[in-house]
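Now for the letters of each chain:
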Amino acid sequence: MINAPSNVVSYLRCSGRGQVDGDSFPRQRAAVNAFATANGMTVQQEFVDEAVSGTKDSSDRPAMMAMIAMMQASGVSTVLVETSSRFARD
């Protein structure tokens, strides 16, 4: 990746209570960390919304709101996710 940011954050989300203890978070974390490592990035902080539907607005996602606040305060401008469905389903 050309001109990749060195400092990033990660966002993980699963929509159902049954997924919280499954492989969803380990799988997402592994994908994000592998990408970050391969591209010389350092994940500064991980944000996790458990059992939050991808159809919810960002204001209804506590970890996403905390992530946005942290990014505004720190100047980190890049979020890594496993897939775009972690942000939204619609």
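In this section: helix α3 (residues 62-74). Compared with the 18 Å implied by 1.5 Å per residue over 13 residues, the 18 Å span of α3 between its first and last C-alpha is a close match. Residues A63, M64, M67, M70 and M71 constitute the buried set of α3. Looking straight down α3, one finds its buried side chains confined to an arc of 125°; they lie on one side. In α3, the exposed residues that point more than 90 degrees away from the buried face are P62, Q72 and A73. Buried residues along α3 sit in contact with β1 (7-13), β2 (42-49) and β3 (79-80). Positioned one or two residues after α3, G75 has a phi angle of 85°, which is positive.

Let's shift gears to the nonpolar core. For soluble globular proteins, the rule of thumb is that nonpolar side chains tend to be buried together. In terms of nonpolar packing, the biggest core is built from 9 residues, these being V9, Y11, F47, A63, M64, M67, M70, M71 and V76. When contributions to this core are tallied by element, the ones reaching two or more residues are β1 and α3. The element that contributes the greatest number of residues to this core is α3, accounting for 5 residues. Setting aside chain neighbours within four positions, we find V76 in contact with N7, V8, V9, Q44, M70 and M71. If you look at the next biggest cluster of nonpolar residues, it comprises 8 residues, including C14, F25, A36 and L80.

Strand order in this open sheet of 3 strands is β2-β1-β3, and the pairing throughout is parallel. Looking at the sheet topology across the chains shown, the edges are occupied by β2 and β3. Relative to β2, β1 runs parallel, the two sharing 7 bridges. Bridging across to β2, S10 finds its partner in E46. Lying on the sheet, helix α2 (residues 24-38) is in contact with β1, β2 and β3; it crosses β1 at an angle near 160°. Set on the sheet, α3 makes contact with β1, β2 and β3; between it and β2 the angle comes to about 150°.

Once that is clear, we can look at the side chain of D49. With respect to the element layout, D49 can be found in strand β2. Within the buried set, D49 has no salt-bridge partner at all; the shortest N-O distance to an opposite charge, 5.3 Å, is to R61. Here the side chain of D49 touches Y11 through a polar contact of 2.6 Å, side chain to side chain. Sequence-distant contacts of D49, defined by excluding residues within four places in its chain, comprise Y11, L12, R13, C14, F25, R61, P62, A63 and M64.

Cut-off values and rules
Residues numbered from 1 in each chain as written. Predicted model: local features only at pLDDT ≥ 70, side-chain atom pairs only at ≥ 80, totals over all residues. Heavy atoms only, no water. Helix = DSSP H or I, 4+ residues; strand = E, 2+ residues; numbered from the N terminus. Expected span 1.5 Å × (residues − 1). Buried < 20%, exposed > 50% of the residue type's maximum accessible area, 1.4 Å probe, protein only. Arc of directions from axis to C-beta. Contact = heavy atoms within 4.5 Å. Core = buried A, V, L, I, M, F, W, Y, C linked by side-chain atoms within 4.5 Å. Pairing = 2+ DSSP bridges. Axes fitted to C-alpha atoms, helices over the stretch in contact; angles between N-to-C directions. Lys, Arg positive; Asp, Glu negative; His and termini not counted. Salt bridge = Lys/Arg side-chain N within 4 Å of Asp/Glu carboxyl O. Polar contact = N/O pair within 3.5 Å; in protein donor to acceptor, adjacent residues only side chain to side chain.

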